[in-house]
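# Close look at the chain arrangement
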Amino acid sequence: MEMEYILLESSSPQKVCHSQTQTDVLKPLLGGGVSGGGGTLRKRRRVLSKDGRSNVRIEHVSGRSALYMRDLWTTFLDMQWRYKFFLFTATFAGTWFLFGVLWYLVALVHGDLLEFNPPSNHTPCVMQMQTLTGAFLFSLESQTTIGYGFRCITEECPAAVILLIVQLVITMLMEIFITGTFLAKVARPKKRGETVKFSQHAVVSTHEGRPCLMIRVANMRKSLLLGCQVTGKLLQTSLTKEGETVRLDQRNVPFQVDTSSDSPFLILPLTFYHLIDDTSPLRAWAAKGGGWTDPELADFELLVIMSATIEPTSATCQVRTSYLPDEILWGYEFPPVVSLSPSGKYVADFAFFDKVAKTKTTPVFKPSSPQHGYQSNGGGTVPDVSDPDKIRLEQSYRERGEERGRALSVRISNV
């Protein structure tokens, strides 16, 4: 049966989220909808960009510069490369000139300069250093241990010996720090995270008779990621029972692969899915068929975070992305990306990675029973957590029933 694949392109989101500065609590937090003649126009705001960068601007922090200076290591690591190269060059050139001036003052005090016309039997502190330029070159040669053999220090001046020791100790510590920050910045796990790819869109389709939100994740290197854990955070405005409006309220959105939430083996592109049931924070949105055109239901952002250990370095890596309501497609599914080549090798075709296909049947979410709790901005309810023992008992019964019904089920949609 031939399926029709659809490739959707998303427009670039805005880079800064101004939701924290809104004063009108009735105003949508993450995005607003304006109805027009041809449809609904959406103004996008993101807390997290698609490539995982934070769009939250920090303002009015007293003593921020002092705080950054106390943690120089992190400050240097977070610095952009162009500023880092400039600071690297300026630091070395500045120390060469600074100690060159000090060497010039030593020669000035000892009477080694040309304007003093020293006698032929005069022993200078530094041989062949009679000008400021010569002092700068001697400082550079000493700090970089070039040693041309033309200029050298003598035993005539104890102050010159002490100055040489101080220069070498200070500049050696400075070189160790700067070289360490360069190596740490190059070897950061953040670069490894750039080779982990999330699907541009999330989809909602029926899996084993229940609607599931699905995302696709792929590791584009042959080196493995160990202990992969994918979690989700739903950011939205919530209203508590006391009438308090909580902005950017975070709700857990668990993801799993197949019938287990244990660490997956990410050697092939995998589909992670979140079961939309009565405990899901997306139930109010799903109850209306994923109606992201509703400005109240569509006021949320789904953050997806994957944590793993890099096999070659054993460093911890975290990769992030986000999905707005209009990037979650209701009634679509991911086509297979893994096939078997004529030579018997498995091939992952990334030409189909971001494509989606319309499902045969539209998923339908039906709440099993009404819940009590506080209201979210989408009109859904959140379970009352005042009795955790009762909730834990109900969850255990629910999980036992699910295990009996799907003990032998295996998800094969990836292949």
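Quick summary incoming for the structure in this document. Treat the numbers as computed from the prediction; the structure is a model and nothing was measured.

### Quick look at the overall build of the chain
Of the regular secondary structure elements, the chain holds eight helices and 18 strands. Put simply, the chain has 415 residues, and 40% of those count as buried. Nonlocal contacts in the chain, meaning residues at least 24 apart in sequence, comprise 66% of its contacts between residues at least 6 apart. For the chain, the exposed surface amounts to about 24,100 Å²; the carbon and sulfur share of it is 59%.

### Details of the pairing of strand S6 (residues 210-219)
Across the 10 residues of S6, nine count as buried, placing the element largely inside the fold. Strand direction decides the pairing type here: strand S4 (residues 196-198) and S6, joined by three bridges, are antiparallel. Bridging from a neighbouring strand, Lys 197 pairs with Ala 218 of S6. Pairing between strand S5 (residues 202-207) and S6: five bridges, direction antiparallel. Bridge assignment links Val 204 to a residue of S6, and that residue is Leu 213. Between S5 and S6, which follow one another and run antiparallel, lie two residues, and Glu 208 among them has a positive phi close to 55°.

### With respect to the packing of aromatic side chains
A complete count under the given rule lists 12 aromatic pairs for this structure. Judged by centre distance (5.4 Å) and plane angle (70°), the ring pair of Phe 88 and Phe 182 falls under edge-to-face. Placement of the pair is Phe 88 in helix H3 (residues 81-110) and Phe 182 in helix H5 (residues 158-186), with a sequence separation of 94 residues. Take Phe 88: its relative accessible area is 31%, and that puts it in the partly exposed class. An angle of 80° between the planes, with centres 5.6 Å apart, marks the rings of Trp 285 and Trp 330 as edge-to-face. Taken together, the residues Trp 285 in helix H7 (residues 283-287) and Trp 330 in strand S12 (residues 328-330) connect sequence positions 45 residues apart. You'll find Trp 285 and Trp 330 in the same group, each marked buried. An aromatic cluster is present here, built from Trp 81, Phe 85, Phe 88, Phe 92, Trp 96 and Phe 182 joined pairwise through their rings.

Calculation rules
Residues numbered from 1 in each chain as written. Predicted model: local features only at pLDDT ≥ 70, side-chain atom pairs only at ≥ 80, totals over all residues. Heavy atoms only, no water. Helix = DSSP H or I, 4+ residues; strand = E, 2+ residues; numbered from the N terminus. Buried < 20%, exposed > 50% of the residue type's maximum accessible area, 1.4 Å probe, protein only. Contact = heavy atoms within 4.5 Å. Areas by Shrake-Rupley, 256 points an atom, 1.4 Å probe, with all protein chains shown as cover. Pairing = 2+ DSSP bridges. Phe/Tyr/Trp six-rings, centres within 6.5 Å; stacked < 30°, edge-to-face > 60°.

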